[in-house]
Amino acid sequence: DQQVKQNSPSLSVQEGRISILNCDYTNSMFDYFLWYKKYPAEGPTFLISISSIKDKNEDGRFTVFLNKSAKHLSLHIVPSQPGDSAVYFCAARDGGSNYKLTFGKGTLLTVNP
Amino acid sequence: DGGITQSPKYLFRKEGQNVTLSCEQNLNHDAMYWYRQDPGQGLRLIYYSQIVNDFQKGDIAEGYSVSREKKESFPLTVTSAQKNPTAFYLCASIPYQAGGTEAFFGQGTRLTVV
């Protein structure tokens, strides 16, 4: 039972364009959503988060949108840069289960120069 | 420097042996987590702990055990009951008492069964 789903295993965009990474979830008890970036053989690094009571959070080139009724969130990167090429994980915190933190399977983003 | 330290970076285990992966943090974080990464599987939760002497099973706890005797330490033992232990293991911590929500990760341990 996959509670956090990233249905696109990969995404390729041109430098300077917008990258949109999507995430769907099923658990209504999730109270925080987070995005991480990961390079091979390294630990993930935190990018941006959003509370379930908000619908948008912005930090520089990164913006996360939350559509609670659709149980969907997305990460927008504008403009995309070659250094953004990595695997991006969506994660969700379950406020009703001792703060269990569940990750999706990730999306490999490739930004082409 | 504050951070999360996982050791060793690479670990080789013979079939049938137990092995323990170390995770230490000096961030004074309350919660600690263990994840396993396999190709195409993302990060799957093995065990997590909110406070000392308490921990919960994650989604794939079978064949693993943990302890949380100190706030700073959350070692993971991969037992011989784990049928497919070869993977990349990641430890994380979160400062919940400080209102934190983001997890800070260690650099991982690559475990290979030989």
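Small disclaimer: the values here were computed from a predicted structure and weren't measured.

(A) Up close: the interface of chain B and chain A. In this assembly, 24 residues from chain B lie in contact with 21 residues from chain A. Across the chain B to chain A interface the summed buried area is about 1800 Å²; carbon plus sulfur atoms make up 57%. Where chain B touches chain A, the interface holds one salt bridge. Measuring nitrogen to oxygen at the nearest pair gives 2.7 Å for the salt bridge that ties A:Lys100 to B:Asp59. There are four residue pairs in polar contact (both at pLDDT 80 or more) connecting chain B and chain A. Contributing elements (two or more residues each) for the side of chain B that touches chain A: strand 4 (31-38), strand 5 (42-49) and strand 9 (87-94) of chain B. Counting residues per element, the side of chain B that touches chain A draws most heavily on strand 5 of chain B, which supplies four residues.

(B) Local environment of the sheet that holds strand 1 (residues 4-5) of chain A. Residue and element names in this part refer to chain A. Read from one edge to the other, the open sheet built from five strands follows the order 1-3-8-7-6, with strand pairing classed as antiparallel. Both edges of this open sheet fall to strand 1 and strand 6 (56-59), since each of them pairs with a single strand only. As judged from the two bridges shared by strand 1 and strand 3 (residues 19-25), these two strands associate in the antiparallel manner. Within strand 3, the position partnered with Lys-5 by the bridge is Asp-24.

(C) Broad picture of the pattern of salt bridges. Summed over all chains, the structure comprises six salt bridges over all chains. Two residues, A:Arg93 and A:Asp31, come together in a salt bridge whose shortest N-O distance is 2.9 Å. Pair noted here: A:Arg93 is in strand 9 (residues 86-94) and A:Asp31 is in strand 4 (residues 30-38), with a separation of 62 residues, a long-range link. Overall, A:Arg93 belongs to the buried group, its relative accessible area being 7%. Here B:Asp30 and B:Lys71 are joined by a salt bridge, their closest N and O atoms 3.5 Å apart. Within this pair, whereas B:Asp30 is found in the loop between strand 3 (19-25) and strand 4, its partner B:Lys71 is found in the loop between strand 7 (64-66) and strand 8 (76-78), the two being separated by 41 residues in sequence. Classification of B:Asp30 by relative accessible area gives buried; the value is 10%.

Conventions used here
Residues numbered from 1 in each chain as written. Chains lettered and ligands numbered in written order. Predicted model: local features only at pLDDT ≥ 70, side-chain atom pairs only at ≥ 80, totals over all residues. Heavy atoms only, no water. Contact = heavy atoms within 4.5 Å. Buried area = accessible area lost by both parts, 1.4 Å probe. Salt bridge = Lys/Arg side-chain N within 4 Å of Asp/Glu carboxyl O. Polar contact = N/O pair within 3.5 Å; in protein donor to acceptor, adjacent residues only side chain to side chain. Helix = DSSP H or I, 4+ residues; strand = E, 2+ residues; numbered from the N terminus. Pairing = 2+ DSSP bridges. Buried < 20%, exposed > 50% of the residue type's maximum accessible area, 1.4 Å probe, protein only.

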